[in-house]
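Structural characterization, general
Below, each chain spelled out in residue letters.
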There are 2 protein chains.
Amino acid sequence: MKKLNLLDVGFLLNESRETPMHVGGVSLYTLPDGVDEQVFLTDLAELLCNVDEFQPPFGDRLKTGPLGLLGPVYWEPDTAMDIDFHVRHSALPQPGRYRELFNLVSRLHSTLLDRTRPLWEMHLIEGLQNRQFAVYSKTHHAAVDGERSIHLARSMLSSNPADRLFDSPFSQASGDRYREVLEREHPLDLSVEELHNVADILKARLDTGVNIYGALKRFTATWMGRGGALSLPFYNVPRSSINTSVDGARRFVAQSWPFARVRAVGKAFDGSFNDAVLAMCSGALRRYLQNHDELPEKSLKAMVPVSLRRAGDLDSSNAVASITADLATNIEDPIKRFAAIRASALAGKEFLQSMSPAEAQVFSTALQVPGLLTASLGLASRIPAFNTVISNVPGIAQPMYWNGARLDGSYPVSIVTEGVALNITLVTYDKNIDFGIIACRRSIPQAQRLIDYMEQSLVELEVAAGLVKPKVKAKPKAKPASAKKKVARAKRATASRTSK
Amino acid sequence: MKKLNLLDVGFLLNESRETPMHVGGVSLYTLPDGVDEQVFLTDLAELLCNVDEFQPPFGDRLKTGPLGLLGPVYWEPDTAMDIDFHVRHSALPQPGRYRELFNLVSRLHSTLLDRTRPLWEMHLIEGLQNRQFAVYSKTHHAAVDGERSIHLARSMLSSNPADRLFDSPFSQASGDRYREVLEREHPLDLSVEELHNVADILKARLDTGVNIYGALKRFTATWMGRGGALSLPFYNVPRSSINTSVDGARRFVAQSWPFARVRAVGKAFDGSFNDAVLAMCSGALRRYLQNHDELPEKSLKAMVPVSLRRAGDLDSSNAVASITADLATNIEDPIKRFAAIRASALAGKEFLQSMSPAEAQVFSTALQVPGLLTASLGLASRIPAFNTVISNVPGIAQPMYWNGARLDGSYPVSIVTEGVALNITLVTYDKNIDFGIIACRRSIPQAQRLIDYMEQSLVELEVAAGLVKPKVKAKPKAKPASAKKKVARAKRATASRTSK
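Note that the coordinates shown come from a computational prediction; the quantities given were computed from them, not determined experimentally. (Residues numbered from 1 in each chain as written. Chains lettered and ligands numbered in written order. Predicted model: local features only at pLDDT ≥ 70, side-chain atom pairs only at ≥ 80, totals over all residues. Heavy atoms only, no water.)

**Points about the overall build of chain A**
The test is simple: Counting from the N terminus, the helices are DSSP H or I runs at least four residues long and the strands are E runs at least two residues long. Note on exposure labels: buried denotes an accessible area under 20% of the residue type's maximum, exposed denotes more than 50%, and partly exposed covers the range between, all computed with a 1.4 Å probe on protein chains only. Two residues form a contact once any of their heavy atoms are found within 4.5 Å. Per-residue and other accessible areas were derived by the Shrake-Rupley procedure at a 1.4 Å probe size, with only the shown protein chains allowed to occlude residues.
Counting its regular elements, chain A contains 14 helices and 15 strands. Looking at chain A as a whole, 57% of its 500 residues qualify as buried. Residue pairs in contact within chain A that sit at least 24 positions apart in sequence constitute 79% of those at least 6 positions apart. Here chain A displays about 21,000 Å² of accessible surface, and carbon together with sulfur accounts for 54% of that area.

**A word on the relation of the copies chain B and chain A**
What relates the pair of chain copies is a rotation about an axis plus a shift along that axis. Condition: Superposition of the copies used a least-squares fit over C-alpha atoms from residues whose pLDDT is at least 70 in both.
Note on the copies: chain B fits chain A at an RMSD of 0.0 Å, the axial shift is 0.0 Å, and the rotation between them is 180°. In the structure described here, the two chain copies are related by an operation that fits a two-fold rotation axis. It is B:Ala91 whose C-alpha, among those of chain B, lies nearest the rotation axis, at 2.6 Å. Taken as a fraction of all interface residues of chain B, those also at the interface in chain A reach 100%, which identifies the copy contact as same-surface.

**What about the interface of chain B and chain A?**
As a measure of interface size, the accessible area lost when the parts come together is often cited. Applicable threshold: Values labelled buried area give the accessible surface lost by two parts on being combined, using a 1.4 Å probe and summing over both. By convention in these notes, a salt bridge is any Lys or Arg side-chain nitrogen within 4 Å of a carboxyl oxygen on Asp or Glu. Pairs of N or O atoms within 3.5 Å make up the polar contacts considered here, provided that, within protein, one atom can donate a hydrogen while the other can accept it, and that residues adjacent in sequence are counted only when both atoms are side-chain atoms.
With 33 residues of chain B at the interface, the matching set in chain A holds 33 residues. Roughly 2,700 Å² of surface becomes buried between chain B and chain A when both sides are summed, with 42% attributable to carbon and sulfur atoms. Looking at the side of chain B facing chain A, the largest losses of area belong to B:Arg17, B:Arg107 and B:Arg442, adding up to 24% of the total buried there. Across the pair B:Arg17 and A:Glu15 runs a salt bridge whose closest N-O atoms are separated by 3.1 Å. The interface formed by chain B and chain A includes 18 residue pairs in polar contact (both at pLDDT 80 or more). Looking at the side of chain B that touches chain A, the elements that each hand over two or more residues are helix H3 (83-86) and strand E5 (87-91) of chain B. By residue number, the principal contributor to the side of chain B that touches chain A is E5(B), which donates 4 residues.

**Points about the confidence of the model for chain A**
All names here are of chain A. Using the following cut-off: pLDDT: the predictor's confidence for each residue, scored from 0 to 100.
Averaged over every residue, the pLDDT of chain A is 80; residues scoring 70 or more account for 73%. Across residues 187-219, where pLDDT falls below 50, the model places 42 contacts with residues more than four positions away in sequence or in other chains. Low pLDDT, under 50, characterises residues 481-500; the predicted model gives this stretch 18 contacts beyond four residues in sequence or across chains. As scored by the predictor, the complex reaches a pTM of 0.82 and an ipTM of 0.78.

**A word on the pattern of salt bridges**
The full count for this structure, using the stated rule, is 38 salt bridges over all chains. Here B:Glu460 ties to B:Arg287 by a salt bridge, and the two come within 3.7 Å at their closest N and O atoms. Taken together, the residues B:Glu460 in helix H13 (residues 449-464) and B:Arg287 in helix H10 (residues 273-291) connect sequence positions 173 residues apart. Each of A:Asp82, A:Asp114, A:Arg117, B:Asp247, B:Arg251, B:Arg441 and B:Arg442 takes part in one network of salt bridges that share partners.

**Side note on the pairing of strand E2 (residues 22-30) of chain B**
Residues and elements named next belong to chain B. Convention followed: Paired strands, in this sense, are two strands between which DSSP finds at least two bridges.
Among the 9 residues in E2, 7 count as buried, and that is most of the element. Note: E2 against strand E7 (residues 132-140), 9 bridges, orientation antiparallel. Directly across from Val 26, in E7, lies its bridge partner Tyr 136. Relative to strand E13 (residues 405-413), E2 runs antiparallel, the two sharing 7 bridges. Directly across from Gly 24, in E13, lies its bridge partner Val 413.

**Overview of the environment of B:Thr428**
All names here are of chain B. Tracing the sequence through the fold places Thr 428 in strand E14 (residues 422-429). A residue is classified by how much of its surface remains accessible, and Thr 428, at 15% relative accessible area, is buried. Considering only alpha carbons, one finds Thr 428 and Ser 410, 18 residues apart in sequence, at a separation of 8.5 Å. Non-local contacts of Thr 428, meaning those with residues more than four positions away in its chain, are made with Phe 259, Phe 273, Val 393, Pro 394, Gly 395, Ile 396 and Ile 433.

**With respect to the side chain of A:Thr388**
Residues and elements named next belong to chain A. Of note, Thr 388 is situated in strand E11 (residues 388-396). Here the side chain of Thr 388 touches Leu 422 through a polar contact of 2.9 Å, landing on its backbone oxygen. Discounting chain neighbours no more than four positions away, the residues touching Thr 388 are Leu 285, Lys 301, Ala 302, Met 303, Leu 327, Val 420, Leu 422 and Asn 423.

**What about helix H9 (residues 259-268) of chain A?**
All names here are of chain A. Using the following cut-off: Summarising the geometry, the arc corresponds to the directions from the helix axis toward the C-beta atoms.
Burial in H9 covers these residues: Arg 261, Val 262, Val 265 and Gly 266. The buried residues of H9 occupy one face: seen down the axis, they fall within an arc of 135°. In H9, the exposed positions that point more than 90 degrees away from the buried face belong to Ala 260 and Lys 267. Count one or two residues on from H9 and you reach Asp 270, which has phi positive near 60°.

**Remarks on the sheet that holds strand E4 (residues 68-77) of chain A**
Residues and elements named next belong to chain A. As a reminder, the rule being used: Note on definitions: angles span 0 to 180 degrees between N-to-C directions of axes, and those axes are lines fitted to C-alpha atoms, for helices only across the stretch in contact.
Read from one edge to the other, the open sheet built from 3 strands follows the order E1-E4-E3, with strand pairing classed as antiparallel. Two strands bound the open sheet, and with one partner strand each, they are strand E1 (2-3) and strand E3 (60-65). Where E1 and E4 come together, 2 bridges link them in antiparallel fashion. Of the residues in E4, the one forming a bridge with Lys 2 is Trp 75. Lying over the sheet, helix H1 (residues 6-13) contacts E3 and E4, oriented at roughly 105° with respect to E4.

**Thoughts on the sheet that holds strand E3 (residues 60-65) of chain B**
Residues and elements named next belong to chain B. What the 3 strands build is an open sheet, ordered E1-E4-E3; its pairing is antiparallel. With one partner strand each, in any of the chains shown, strand E1 (2-3) and E3 form the two edges of the open sheet. Where E3 and strand E4 (residues 68-77) come together, 6 bridges link them in antiparallel fashion. Its bridge partner lying in E4, Gly 65 is registered against Gly 68. Across the sheet, helix H1 (residues 6-13) touches E3 and E4, and the angle it forms with E4 is around 105°.

**A short note on the packing of aromatic side chains**
Residue and element names in this part refer to chain A. Counted only if it meets this: When two rings of Phe, Tyr or Trp (its six-membered ring) have centres within 6.5 Å they constitute a pair, described as stacked for plane angles under 30 degrees, edge-to-face for angles over 60, and tilted for the intermediate range. Consider the ring centre and the ring normal. A charge sits over the ring if Lys NZ or Arg CZ is within 6 Å of that centre and within 35 degrees of that normal.
Taken as a whole and judged by the stated rule, the model has 22 aromatic pairs over all chains. Members of the aromatic cluster, joined through ring pairs, are Tyr 29, Phe 40, Phe 133 and Trp 402. Lying across the ring of Phe 85, Arg 88 places its NZ or CZ 4.6 Å from the centre.

**Topic: the environment of A:Ala249**
Relative to the helices and strands, A:Ala249 resides in the loop between helix H8 (212-225) and strand E8 (250-258). By relative accessible area, which is 3% here, A:Ala249 ends up buried. A sequence separation of 75 residues divides A:Ala249 from A:Ser174, and the C-alpha atoms of the two residues are 35 Å apart. Aside from chain neighbours lying at most four places away, what touches A:Ala249 is A:Ser110, A:Ala439, A:Cys440, A:Arg441, B:Phe85, B:Asp114 and B:Arg117.

Take a look at the structure:
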């Protein structure tokens, strides 16, 4: 039995009806030419259920002792695994647009996972227009993080549309095969086992389990001293309608942008791709808050998770630390705004790099503790640790296929927490960036407008960088399809040009 | 603000992830000839959302004070009512059989309602075969009981297929109109207000709120003395695989039987319709337990809710008491089994009739208290108060239409509780009895077999009563359609015969 580390248990302890702690994703696929949708989806469902032995954590359920979640928590095999409970077949009502898909995903993401079973569900969704189908999956954050999810998705995909898989991505066989490929590509430095033992390291410094808050406080204080001019949680964080008490209902929207556009903005301002993403989101949030007449004088702060996972490491469930980025939403000039964001992100990264991976994870866990306290006291909306989460998960840089069905896009569906009613997560895929925005339905009823504002913000940055000429009025894009279709059109244009 | 009575609050206190406390129903409709499904369903959704003012409890949410659910609990208007959250549009995957419908309903019924909003959802479900569509609704048991749900359904239905409604059944206008009709038909004796004030009566006899358990114990003891040879909760209740710890996932199955068949069995044995229903269920449970090699030596006991609602009373949320019926599952001979069931049900009814409605409800609430205690101590599966629930809700005795769409059947979806993994609820409609069986997915993985066993049990009773000749092998029916189609065919035959 594998023991859960402190961060993983935190996701269980912190979960309530109002704040489910599962992460998910929606993938859009196009059916291969000539196949019948029903036959193809039935075959996929059978493939998903074709498991002799599950790879962790998909066949494991939680096991606690007499102290419940406050004592040690383990994964144990579910001896009565009921795969039909986990793999589900759903459909969209007509007319089967992305709007109907987003509605269904919003609902599916609002319900809690069953804690008496392995903590995941996967939904095959039919009824989309244009021979597309969708897969929505959800897994408890105590069991996987975003990068682990990408590994799972990658293990069932192939760059070759002719490839066919016959075992389930949830099976040990599939995991072993994928691990072999990965280890060939990125040999794992096995001496760095400390990452797996963060909880043990932490425990060794504690007198007793009950003294944990006090000890974490000492950890935090030590590291805070090293901080300097760095943005840190709770420090100078303004209040806004994004930082309210949340309930359990969600709104999900998604959209793709060409990677090249965002990367060009980063380069133009001598920043990273991630800086450009933060700047694009910052401009959108600034517009959203301005239009609601509530732009705070102080700048919004974003929690930006940073992966500590070594290449090839498939075993850690959550190898994540975080920095707090200043989004500079109080700066009107987009060039100065970008510079402020870049400086803040750089300081955060340098600070994390000064620690070992284990220290960084303990640090990030420690910083969550005041958050846990304010959340459980109902103070998170009054004393926010940060305003929103912007999470950038590296994906796959080429077109991929699932048994011949082309993956058109892959949109993350993340977590909303008490006091942080909005989460923006993005995955790079092929030539796109796929953004998934999840929001509390009550606190942010117009989440879909953020999609328009992000396009406007990107155009503003492009104009400021001299990459495009200013238009009289920026024209917002509507749905993932429109962005993707443009890319597809652009690609077709390029292809026909180069093939001549 | 209306205060919740003790029984209503009990449904909130007793709720957990594993035991949601909402009741629901699935209605099957046939689209009117010539209409387009999408247009018709979009119009229905618009009609459902067309509300100026909500009638209670559909626009109200819970309000508690500093003691939470342990203090007084009220309904208060939800000032930010978000009707699109409550009225939902769903679809079935192909091929759209009842199997796919039951799967979807099982899932929808497994998730908790959002406690920060009015406690109901209604799903319009498209994608069924044969021009049918379905409506699944769920409402918290703290807000409505089965009979109140029937009133709501009835208020949106008409016996005239040409009738059209333009306001939502959730609106005050619709409620007022329906109330007028009902009061003309069944004048309400307004002096019997005690029913609404059960909590007050109870409170008047208590010294303090915290002493409630002790006081209820005295109530119980007093009434127990009156009991005689009556079946009472906890007394002589055997253990079985139906009486286990439950988790949150459900299995739902449904089936219709002709009312006339079951009524004939009751008459043949000089019993009531309800006795015949209990006997039919008893035979099915006996078969189920025999086939699992676990038929207990002692007879199973069923909790049978009894309505205390006066005709025309639309305001009480839960006007329900209950009797404990001996199902005589240990008696092989169907005639003797029927006699034992009848005697036990009669004793229970006489016992309830010796009390005022208020006393009966307090008594039933009081009897739930030990159940609440064993449930919260995790002992419900070891000390079951009863083995299952069999609930008979009187419905509408003629064909009904919703804006021209014929109601084909109306199947209740009730509650599974800790230690009671199976609930059988039935509604009479037109010439049928519509049974809805809800079970814990893990404890009763083969719930669908109960449908076959119920048919076999009914045939056994019919043979014993001399109503039909014994067949070499009883042929079970498959799905609601088959029963309904037969009835429809029989009715068409009758109609064509009488019209000649």
